[in-house]
Amino acid sequence: NDEFTVLRGPNLRVFQLGINMRKPYMQNLGFRQALAHGLNKEMYAKNLVNGTPAVGPFTSELSFSYKGEDVYQYDIDKANEILDQEGFVDSDGNGIREAEGKDIVLKYVLNTGHGNDAKNVAVAVQDDYKKIGLGVDVVQVENLNDMVNNGEYDLVWERWTSAPTADPAYFIEANYLSDALGNK
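These lines cover the structure that appears in this document, whether it is placed above or below. (Residues numbered from 1 in each chain as written. Predicted model: local features only at pLDDT ≥ 70, side-chain atom pairs only at ≥ 80, totals over all residues. Heavy atoms only, no water.)

1. Details of the nonpolar core
- Counting residues in each nonpolar core, the largest one holds 29 residues, and the members touching the most others are Phe31, Leu106, Tyr108, Tyr129 and Leu134.
- Every element with two or more residues in this core is listed here: helix H1 (29–37), helix H3 (76–85), strand S4 (105–111), helix H4 (115–130) and strand S6 (155–161).
- Here this core takes 6 residues from H4, the largest share from any one element.
- Look past the residues within four positions of Phe31 in its chain and what remains in contact with it is Tyr25, Met26, Leu83, Glu86, Phe88, Ile104, Leu106 and Leu134.
- Counting residues in each nonpolar core, the second largest holds 8 residues, with Val14, Phe58, Ala163 and Phe171 among its members. (Core = buried A, V, L, I, M, F, W, Y, C linked by side-chain atoms within 4.5 Å. Buried < 20%, exposed > 50% of the residue type's maximum accessible area, 1.4 Å probe, protein only. Helix = DSSP H or I, 4+ residues; strand = E, 2+ residues; numbered from the N terminus. Contact = heavy atoms within 4.5 Å.)

In structure tokens:
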């Protein structure tokens, strides 16, 4: 119909892992950097979710997106080096690093409604983090809000539309301000 113009643009959907900053080891910058280096985002994006690897929360097609290189590229050796430097070591030889004398087994929570993409990425993260000496328990629930609000997680799979209003402030404020809904 010539009366209508169809505009097409980039997909604004992003998948991200929320981090529970209430956990003591998550408060360690080096630990979080190692987690980032331990994620094979390119493989997840291309092979598991048929997407584009992220270097920030906004697609590169938006004017306000980050245009630089990914600061935290997949690098298992670097992730292991950082964890060693920060004192997260496997002292008992069971393949899992410890914090305060206990194995670090991250609770990775995802919503059943997020489909196969979420499950497939969770299994891939579990495998990648094993390579850096971290355990991952994947927990799939119908409603993850209570678990997130109560801090009963380490990582949470989230799906967001990053720029529904073409204003980057919306996404940043909803996710990264101290009291933001997406920053629990």
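So much for the structure itself; the text now carries on.
2. Notes on the packing of H1 against H3
- Contact geometry for H1 and H3: axes closest at 8 Å, N-to-C directions at 165°. Put simply, H1 runs roughly antiparallel to H3. The two elements H1 and H3 cross, and the hand of that crossing is left-handed. For the pair formed by H1 and H3, the contact residues are Gly30, Phe31, Gln33, Ala34 and His37 on the first element and Ile76, Lys78, Ala79, Ile82 and Leu83 on the second.
- Here the contact of H1 with H3 is built from residues that sort into 6 nonpolar, 3 polar and 1 charged. (Axes fitted to C-alpha atoms, helices over the stretch in contact; angles between N-to-C directions. Parallel < 35°, antiparallel > 145°, perpendicular 65-115°, else oblique. Left-handed = near helix turned anticlockwise from the far one by under 90°. Nonpolar A, V, L, I, M, F, W, Y, C, P; charged D, E, K, R; others polar.)

3. Looking at the packing of helix H2 (residues 41–48) against H4
- Here H2 crosses H4 at 150°, and the two axes come no closer than 11 Å. Classified by chirality, the crossing of H4 by H2 is right-handed. Of the residues in H4, those touching H2 at Met43, Tyr44 and Leu48 are Asp117, Asn120, Val121, Ala124, Val125 and Asp128.
- Across the contact of H2 with H4, the residue classes tally to 6 nonpolar, 1 polar and 2 charged.

4. Thoughts on the pairing of S4
- A large share of S4 lies buried, amounting to 5 of its 7 residues.
- In the classification by handedness, the crossover that spans S4, the intervening H4 and the parallel strand S5 (residues 135–141) is right-handed.
- Pairing of S4 with S6 involves 2 bridges; the strand directions are parallel. Residue pairing in the sheet places Val109 in a bridge with Val156 of S6. (Right-handed = clockwise from strand over helix to strand, strands pointing away. Pairing = 2+ DSSP bridges.)

5. Topic: H4
- Relative to the 22 Å expected for 16 residues at 1.5 Å per residue, H4 spans 23 Å between its end C-alpha atoms, a close match to the ideal helical length.
- Within H4, burial applies to Ala118, Val121, Ala122, Ala124, Val125, Asp128 and Tyr129.
- At its buried positions, H4 is contacted by H1, H2, H3, S4, S5 and S6. (Expected span 1.5 Å × (residues − 1).)

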